[in-house]
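# Understanding the architecture of this molecule
The chain contents come next:
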Amino acid sequence: DAGITQSPRHKVTETGTPVTLRCHQTENHRYMYWYRQDPGHGLRLIHYSYGVKDTDKGEVSDGYSVSRSKTEDFLLTLESATSSQTSVYFCAISEYGTGGPNEQYFGPGTRLTVT
Amino acid sequence: AQSVTQPDIHITVSEGASLELRCNYSYGATPYLFWYVQSPGQGLQLLLKYFSGDTLVQGIKGFEAEFKRSQSSFNLRKPSVHWSDAAEYFCAFITGGGNKLTFGTGTQLKVEL
C-alpha cells in the first residue's frame, strides 16, 4: 500500500469554524490531490498540487484553500465551514511516468461533519 | 463536456454468477481509463487501467475490462463473483494536464449468497 495518511480521520465541527485536513505521504510523489465524496456524485476534485507551492483548482474548489510547503504534506482548509461541506474527503497521490500518467493512490479518507 | 457515465447505480448478482459493470465516457480522444473499487469505510483501490495497446486488460482479483473505442465504453467484467466483491466500483479517466481524474458516480454491487 502506498504510504498515505490523513488526519484527522473523523471530525465534527460547527458552522463557521475553520477546519484544516492534512494529507501526508512517504512516497515522494509529485502530484497530490484532494477529493470529496458524496452520494450520487462519486468523487470530485477540489484542488490539486503538481509540486511544492504549485497548486490549482479542481471542479469544486469554492470554499476551500490548499497549501503545500513541502513534498510530503498537502493541507486542505475550509476557511468557514458550512453544512454543505459535510462529506468524506480523500487525499490521493501520483507520479507522472515516462510513458504517461500513472494511477492515483488514495488515502483512507476523513469523515467531516459540519453541524 | 468531458464526463464518465456509469448507468447502473445498484447491481445485485448471486455468488458465482458473472458480472459486467458498464462505463461510458465522453471525450474527444482516447482517455486514460481506470476502474477503482471501494469497500465500505475504505479508500479506493485500483483494479485495472488502460492506456493503450491491447483493448482487453487484466486486473487484480480476477477482474478484466475491455476498451471499445466505437462505443466509448470501458466495461468491467468478472466471470464468477465472490461474496467479498460486494463494494462500490468507480470508473474514471484522465484527460488534460495535471494527471486529474474524472470519476463516474459509481455502481454499488451487492452479492447474494
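This text goes with the structure placed above it.
Nothing here was measured: the structure is a model prediction, and the numbers come from that model.

### Quick notes on the interface of chain A and chain B
Often, the extent of an interface is quoted as the loss of accessible area on bringing the components together. The partner chain B presents 20 residues to the 21 residues of chain A that form the contact. The contact between chain A and chain B buries some 1600 Å² in all, and 56% of this surface belongs to carbon and sulfur atoms. The interface formed by chain A and chain B holds one salt bridge in total. Of the charged contacts, one joins B:Lys49 and A:Glu103 as a salt bridge, the two residues approaching to 2.7 Å between their closest N and O atoms. Here chain A and chain B share three residue pairs in polar contact (both at pLDDT 80 or more) between them. When residues of the side of chain A that touches chain B are traced back to their parent elements, those giving at least two are strand 4 (31–38), strand 5 (42–51) and strand 9 (87–94) of chain A. A class-by-class count of the residues in the side of chain A that touches chain B yields eleven nonpolar, eight polar and two charged.

### Here we look at the state of the cysteines
Residue and element names in this part refer to chain B. What the rule picks out here adds up to two disulfides over all chains. At a sulfur-sulfur separation of 1.9 Å, the disulfide partner of Cys23 is Cys91. Because the torsion about its S-S bond is -65 degrees, the bridge between Cys23 and Cys91 counts as left-handed. Here Cys23 is found in the loop between strand 3 (19–21) and strand 4 (24–26), whereas its partner Cys91 is found in strand 10 (residues 87–94), with 68 residues between them in sequence. Here Cys91 falls in the buried class, since its relative accessible area comes to 0%.

### Digging into the pairing of strand 2 (residues 10–14) of chain B
Residue and element names in this part refer to chain B. What you see with strand 2 is a clean split: Ile11 and Val13 sit on the buried side and His10, Thr12 and Ser14 on the side with no burial. By the bridge criterion, five bridges tie strand 2 to strand 12 (residues 107–112) in an arrangement that is parallel. In the sheet register, Val13 faces strand 12, and the bridge partner there is Val111.

Calculation criteria
- Residues numbered from 1 in each chain as written.
- Chains lettered and ligands numbered in written order.
- Predicted model: local features only at pLDDT ≥ 70, side-chain atom pairs only at ≥ 80, totals over all residues.
- Heavy atoms only, no water.
- Contact = heavy atoms within 4.5 Å.
- Buried area = accessible area lost by both parts, 1.4 Å probe.
- Salt bridge = Lys/Arg side-chain N within 4 Å of Asp/Glu carboxyl O.
- Polar contact = N/O pair within 3.5 Å; in protein donor to acceptor, adjacent residues only side chain to side chain.
- Helix = DSSP H or I, 4+ residues; strand = E, 2+ residues; numbered from the N terminus.
- Nonpolar A, V, L, I, M, F, W, Y, C, P; charged D, E, K, R; others polar.
- Disulfide = S-S within 2.5 Å.
- Buried < 20%, exposed > 50% of the residue type's maximum accessible area, 1.4 Å probe, protein only.
- Pairing = 2+ DSSP bridges.

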